Amino acid sequence: MQNSDSSTGTTQLRADLVLINGAFIEYLSERYTAARTIAIYRGVLVKVARSFGRHGRSLSSLQRKDVPALIRHRWRCHHAPRLALHAWLKFLGRFHAPAPRTRWRSWTDDYARFMETDRGLAACTRHRRLQIADRYLGWQFHRGTVDWGRVRPQDIWRYAAKLNCQGRKPRGVCDDLSALRQFLRFVYLRGSCPSVLERAVPTVADRGRSFRRAIMNDEQRRKFLASFDRKSAEGRRDYTMALCMIDLGLRAIEVVRLCLGDIDWERKSMTVPPAKSSRGRQLPLPSHVAAALRIYLRARPTTRSDRLFVGHTALVGRALSSGAVRGAIDRAYRRCGFRWYGTHRLRRSFATRLYAQGANMKEIADLLGHRLVMTTERYAQVDLHGLRALVQPWPA
């Protein structure tokens, strides 16, 4: 009987390994997952598959409810194993986000509609903020009904202290508290709580971290743009996307949503689609960006999609995702030897370059699609070296 169980476990392990090394890796590659990430996910899944095989169980039988206990008993660091197992469940079609608790389901449903309809936030942002709101509601009201009349500023402070005592980095705690502040602002707008609760949300000090983010200077910009292989169709596409971000200030999601009809060749302008809280905007199309777009369009695959930027090697003709755009930019950083990541650096560099050339904050805010000039002030960084040359010694 024991030999029969052992042979069954071996057969299941072989089937799991074939699925992991074949269809699952192909599934990740089609979603532009980095090779290093694929290797990490594969290592995690192979380890779990072997453990399941010794107990006569297949990895394909994994359920989401099994993940927390599995991670807690096997890994000291939880982040990568959790992502790997969730990716496996998504591959199997079994990954379903947990629904908010029914006791305050009406609040989370209304907040979700508010973020989508009134704020225009991306799906990933809405999902993250709903998680934070649900976690706070569970801490504040436990198993009781939602009664905002009983909530005091001291409760907000205690919740912030709890977050700060979990061994997390200050930046992560600040992000959670910022999301909590947005939720309490929504509750205040509905007339259910006083504004003092929103103002009571503190900010965690992060003195060891510089808030002055690095931007590209002119030399780095030239090196960055020269790193794209403009002899290949994919390289021309990535180069054009980079130009749209560093010379027009577009977000990655705006690059993804650009359509063929958004380019007005006669008026030399571009219609930027709505994203985040922006309602869209019209931008002038510089001659070098227009030339790059024309060159790219000659090699663009024939497809039914009206999106401007589509896949060339993987998922040919299908609209690119935000992750694919970020991946293209991150690979360019690595080719240049820059220890950077993310696309927002390009927007900040664009804003800072305009500010250095004499544009005022209102003009830069209009080009970036910011509703508040205060938001733009965090983007455009002042050139301190240039200001030092203007400082004159005090007269004796």
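Above this note sits the structure.
In this text, all values refer to a predicted model and were calculated from it rather than measured experimentally.

Time to look at the overall build of the protein chain. A tally of helices and strands in the protein chain yields 18 helices and three strands. In the protein chain, which comprises 396 residues, the proportion classed as buried is 42%. When contacts within the protein chain are restricted to residue pairs at least 6 apart in sequence, long-range pairs at least 24 apart make up 59% of them. Summed over all atoms, the accessible surface of the protein chain reaches about 23100 Å², with 52% contributed by carbon and sulfur.

Here we take up the sheet that holds strand β1 (residues 263–264). Taken in spatial order, the three strands of this open sheet run β1-β2-β3, and their pairing is antiparallel. A single partner strand is all that each edge strand has here, and the edge strands are β1 and β3 (281–284). Across two bridges, the pairing between β1 and strand β2 (residues 269–272) is antiparallel. In the strand pairing of β2, I263 is matched with M270.

Tallied over the full model, the rule gives 16 salt bridges. The closest approach of N and O atoms between R185 and E198, which form a salt bridge, is 2.8 Å. Of this pair, R185 sits in helix α8 (residues 170–189) while E198 sits in helix α9 (residues 195–200), and the two are 13 residues apart along the sequence. Where salt bridges share partners, they join D110, R113 and R190 into one cluster.

Time to look at the packing of helix α6 (residues 123–141) against helix α7 (residues 153–164). In helix packing, the relevant descriptors are the interaxial angle and the interaxial distance, both defined with respect to the helix axes. At their nearest, the axes of α6 and α7 sit 11 Å apart, and the two run at 115° to each other. Relative to α7, α6 is oriented so that their crossing is right-handed. When α6 is examined against α7, the residues I132, R135, Y136, W139 and Q140 are found in contact with a partner set consisting of D155, I156, R158, Y159 and K162. A per-class count over the contact of α6 with α7 returns five nonpolar, one polar and four charged.

Looking now at the side chain of R221. Structurally, the position occupied by R221 is in helix α10 (residues 218–226). A polar side-chain atom of R221 sits 2.7 Å from a polar atom in the side chain of D247.

Bringing a positive patch on the surface into the picture now. Taken together, the side chains of R42, K47, R50, R54 and R74 present a region of like positive charge at the surface. A total of four residues in the positive patch trace back to one element, the largest contributor, which is helix α2 (residues 35–54). Position of K47 among the secondary structure elements: in helix α2.

Let us look at the environment of L177. Relative to the helices and strands, L177 is located in helix α8. For L177 and V204, which are 27 residues apart along the polypeptide, the C-alpha to C-alpha distance reads 8.6 Å. Contact partners of L177, with chain neighbours within four places excluded, come to A160, L163, V201, P202 and V204.

Conventions adopted
Residues numbered from 1 in each chain as written. Predicted model: local features only at pLDDT ≥ 70, side-chain atom pairs only at ≥ 80, totals over all residues. Heavy atoms only, no water. Helix = DSSP H or I, 4+ residues; strand = E, 2+ residues; numbered from the N terminus. Buried < 20%, exposed > 50% of the residue type's maximum accessible area, 1.4 Å probe, protein only. Contact = heavy atoms within 4.5 Å. Areas by Shrake-Rupley, 256 points an atom, 1.4 Å probe, with all protein chains shown as cover. Pairing = 2+ DSSP bridges. Salt bridge = Lys/Arg side-chain N within 4 Å of Asp/Glu carboxyl O. Axes fitted to C-alpha atoms, helices over the stretch in contact; angles between N-to-C directions. Left-handed = near helix turned anticlockwise from the far one by under 90°. Nonpolar A, V, L, I, M, F, W, Y, C, P; charged D, E, K, R; others polar. Polar contact = N/O pair within 3.5 Å; in protein donor to acceptor, adjacent residues only side chain to side chain. Patch = residues over 30% accessible without salt bridge, like charges linked within 9 Å, V, L, I, M, F, W, Y side chains within 5 Å. Lys, Arg positive; Asp, Glu negative; His and termini not counted. Charge placed at Lys NZ, Arg CZ, Asp CG, Glu CD.

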